[in-house]
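Listed below are the residues making up each chain.
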Amino acid sequence: MSDGIKFTLDGREVVARDGETIWEVAKREGKTIPHLCHKDQVGYRSDGNCRACMVEVEGERTLAASCVRAPAEGMVVNSDNARARTARKMVMELLVADQPAREEAHDTSSHFWNMAEVQGVTDSRFPPKLEEGRIPPLLDDSHVAMRVNLDACISCNLCVRACREVQVNDVIGMAGRGHDAIRCSTRPTTWGGPQPVWPVVNVCKPARLAR
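Residues numbered from 1 in each chain as written. Predicted model: local features only at pLDDT ≥ 70, side-chain atom pairs only at ≥ 80, totals over all residues. Heavy atoms only, no water.

Caption draft 1: Structural view of the overall build of the chain. Helix and strand counts for the chain stand at five helices and nine strands. Along its sequence from the N terminus, the chain presents helices and strands in the succession β-β-α-β-β-β-α-α-β-β-α-β-β-α. Relative to its 211 residues, the chain shows a buried fraction of 42%. For the chain, long-range pairs separated by at least 24 residues make up 53% of all intrachain contacts whose partners lie at least 6 apart in sequence. (Helix = DSSP H or I, 4+ residues; strand = E, 2+ residues; numbered from the N terminus. Buried < 20%, exposed > 50% of the residue type's maximum accessible area, 1.4 Å probe, protein only. Contact = heavy atoms within 4.5 Å.)

So, in structure tokens, the structure goes:
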């Protein structure tokens, strides 16, 4: 039976259990690594696409997303040094740039704003996307099964994974790339057009996780 994988996390030797990621070990050790696209619940696969949980692995040129990175024997990981903190704060600033101001947010106590607060991010030095045609509707409630504030979506893909892999109904997906990415229906209809017949599914709560 394996004794686990020994590695160093922020100057202290820790042991990873079989299948654990750096983020999971850090949490078990009482450390908070900010995260957005990762949801710490059973059934939610880590994706590593938002880069909000980056850590430094000594000897590697680039930072690693801790929610998907598995530890290796002897690895030295820094989650709280200047490089990791600066990178994570930059990610939050870039995302905050396109968000409604917190005092005008749809949910001022959302996970997104909690993670911003943890890192001391209240506003952004970066300009928002203001080009015509790129500003999504404030609220998409065109289907009876779900409601989502697209202007607060950060394209973390968490709502899609919740729908597809947790509830296994696969009725939403992502379309477009970069700034043009948007949550959409995966069924052969426009979201606001004639509605197909399928069971109403409870995806409202997972969709809101994208805020």
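Caption draft 2: Examining the pairing of strand β2 (residues 12-16) more closely. Two elements, strand β1 (residues 5-9) and β2, share five bridges in a ladder whose sense is antiparallel. Paired with K6 across the bridge in β2 is V15. Hairpin connection, β1 to β2: the antiparallel pair is bridged by two residues, and D10 has positive phi, about 50°. (Pairing = 2+ DSSP bridges.)

Caption draft 3: Structural context of the pattern of salt bridges. Counted under the stated rule, the structure contains 13 salt bridges. Taking the shortest distance from any N to any O, the salt bridge between R85 and D80 comes out at 3.6 Å. Overall, R85 belongs to the partly exposed group, its relative accessible area being 39%. According to the relative accessible area criterion, D80 is partly exposed, its value standing at 48%. For the salt bridge of R102 with E117, the shortest nitrogen-to-oxygen distance reads 3.4 Å. Pair noted here: R102 is in the loop between α2 (82-96) and α3 (111-118) and E117 is in helix α3, with a separation of 15 residues, a long-range link. A relative accessible area of 25% means that R102 is categorised as partly exposed. Its relative accessible area of 52% is what places E117 among the exposed residues. Salt bridges sharing partners connect three or more residues here, namely R12, E20, R28 and E29. (Salt bridge = Lys/Arg side-chain N within 4 Å of Asp/Glu carboxyl O.)

Caption draft 4: View of the pairing of strand β3 (residues 54-57). Burial along β3 is two-sided: the face carrying M54 and E56 and the face carrying V55 and V57 are both buried. Relative to strand β4 (residues 64-65), β3 is paired through two bridges, and the arrangement is antiparallel. Opposite M54, over in β4, you have A65 as the bridge partner. Count of turn residues in the β3/β4 antiparallel hairpin: six residues, of which G59 carries a positive phi of about 95°. Relative to strand β5 (residues 76-78), β3 runs antiparallel, the two being bridged by two bridges. Among the inter-strand pairings, V57 is bridged to a residue of β5, identified as V77.

Caption draft 5: Here's a closer look at the confidence of the model for the chain. With 73% of its residues at a pLDDT of 70 or more, the chain has an overall mean of 79. For residues 188-211, every residue scores under 50 in pLDDT, and the model assigns this stretch 54 contacts once sequence neighbours within four places are set aside. (pLDDT = per-residue confidence, 0-100.)

Caption draft 6: Region of interest: the packing of aromatic side chains. Counted according to the given criterion, the structure contains one aromatic pair. Here F112 and W113 contribute two aromatic rings whose centre-to-centre distance is 5.3 Å and whose plane-to-plane angle is 90°, an arrangement assigned as edge-to-face. Like F112, the residue W113 is buried in the burial classification. Directly above the ring of Y44 sits K39, whose terminal nitrogen or CZ lies 5.9 Å from the centroid. (Phe/Tyr/Trp six-rings, centres within 6.5 Å; stacked < 30°, edge-to-face > 60°. Lys NZ or Arg CZ within 6 Å of the ring centre and 35° of its normal.)

Caption draft 7: α2, seen in detail. Here α2 contains 15 residues, and its C-alpha end-to-end distance of 21 Å stays within 8% of the 21 Å for a straight helix at 1.5 Å per residue. In this fold, the buried residues of α2 make contact with β3, β5 and α3. (Expected span 1.5 Å × (residues − 1).)

Caption draft 8: Fine view of the side chain of R88. Secondary-structure assignment places R88 in helix α2. No salt bridge is formed by the buried R88; the nearest opposite charge belongs to D80, separated by 4.7 Å. A polar contact of 2.9 Å, which involves the side chain of R88, links it to the backbone oxygen of S79. Each residue touching R88, except ones within four places of it in the same chain, is listed here: I33, P34, A52, C53, M54, V55, S79 and Q119. (Lys, Arg positive; Asp, Glu negative; His and termini not counted. Polar contact = N/O pair within 3.5 Å; in protein donor to acceptor, adjacent residues only side chain to side chain.)

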